[in-house]
Amino acid sequence: MNIIKTSDLDKIKINQIRILFKDSFGKLPSEKQLIRKYTSGCFGFSIHCLFFNSKDLLVGSFTLIPKKFIYRKKEIVGLHLIDTCFPYTGEVNPFKIKKALLKTINYCTKYFCFSLFLYGFPNKRIIKLWDALLNWQHIDSLHSMIDFSPIMTIFCKSIQSDDENKLLLKNPILSSNPRLFSF
């Protein structure tokens, strides 16, 4: 298991991620699409947890894309758990996945000087895994909203909320769609 920033991925690993993505979701993204997706957040990189077999072939991965949110007038970082790819049954022990996720989150807490939370939009298959391994609990929902006046949002440069307990994505129109590869 390796924890790697997007900027540290070499061409071989990028191509292995592409193949793993195809085996998981049935679509083969280009290198350019993959890099654009993983560098689209406000930090310009993502954190990848990669699982290799004894032959140094990629057999599983997940990615955390950090995004800034404003909560109670403070900036916090949400780690968007995305592209969970474990297509080869039995190749990766589920308890290693749990250990790796916790290790990856721990890596992020040392890397970011913000409070962190984990969020995601899991599919039916992976939701069972996260429920079983992490005792995943529904805390709250993140709702997307359409900005009908993005130019005004850009000019205002910040989003104001009547409720200080409301979680707001900082610069939402400047971020790419977090579900970019939801073909």
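Up top is the structure these notes are about.
Since we're looking at a predicted model, the values are computed, not measured.

Quick notes on the pairing of strand S4 (residues 74-85)
Where burial is concerned, most of S4 is hidden: 10 out of the 12 residues are buried. Pairing analysis gives 10 bridges linking strand S3 (residues 58-71) to S4, with the strands arranged antiparallel. Each bridged residue has a counterpart across the sheet, and for Lys-67 the counterpart in S4 is Gly-78. Counted along the chain from S3 to the antiparallel partner S4, the turn is two residues long, and its residue Arg-72 has a positive phi close to 55°. When S4 meets strand S5 (residues 115-120), the two strands line up parallel, connected through six bridges. Residue Val-77 lies in a different strand from S5, and its bridge partner there is Leu-116.

Thoughts on the nonpolar core
Within the largest apolar cluster, 17 residues are counted, with the highest numbers of intra-cluster contacts made by Phe-51, Phe-62, Leu-64, Leu-79, Phe-86, Val-92 and Cys-108. Listing elements by their share of this core, those giving two or more residues are strand S2 (47-52), S3, S4 and helix H3 (94-111). Ranked by the residues each element gives to this core, the list is headed by H3, at four residues. Leave out the neighbours within four places in its chain, and Val-92 touches Phe-51, Val-59, Phe-86 and Ile-97.

Points about the pattern of salt bridges
In total, this model carries four salt bridges according to the counting rule given. Salt-bridge contacts for Lys-37 lead to Asp-83; the nearest nitrogen and oxygen are separated by 2.6 Å. You can see Lys-37 sitting in helix H2 (residues 31-38) and its partner Asp-83 sitting in strand S4, a full 46 residues away along the chain. Of the two residues, Lys-37 and Asp-83, neither departs from the other in class, the shared state being buried. Across the pair Glu-75 and Lys-68 runs a salt bridge, and its minimum N-O distance is 3.8 Å.

Rules used in this analysis
- Residues numbered from 1 in each chain as written.
- Predicted model: local features only at pLDDT ≥ 70, side-chain atom pairs only at ≥ 80, totals over all residues.
- Heavy atoms only, no water.
- Buried < 20%, exposed > 50% of the residue type's maximum accessible area, 1.4 Å probe, protein only.
- Helix = DSSP H or I, 4+ residues; strand = E, 2+ residues; numbered from the N terminus.
- Pairing = 2+ DSSP bridges.
- Core = buried A, V, L, I, M, F, W, Y, C linked by side-chain atoms within 4.5 Å.
- Contact = heavy atoms within 4.5 Å.
- Salt bridge = Lys/Arg side-chain N within 4 Å of Asp/Glu carboxyl O.

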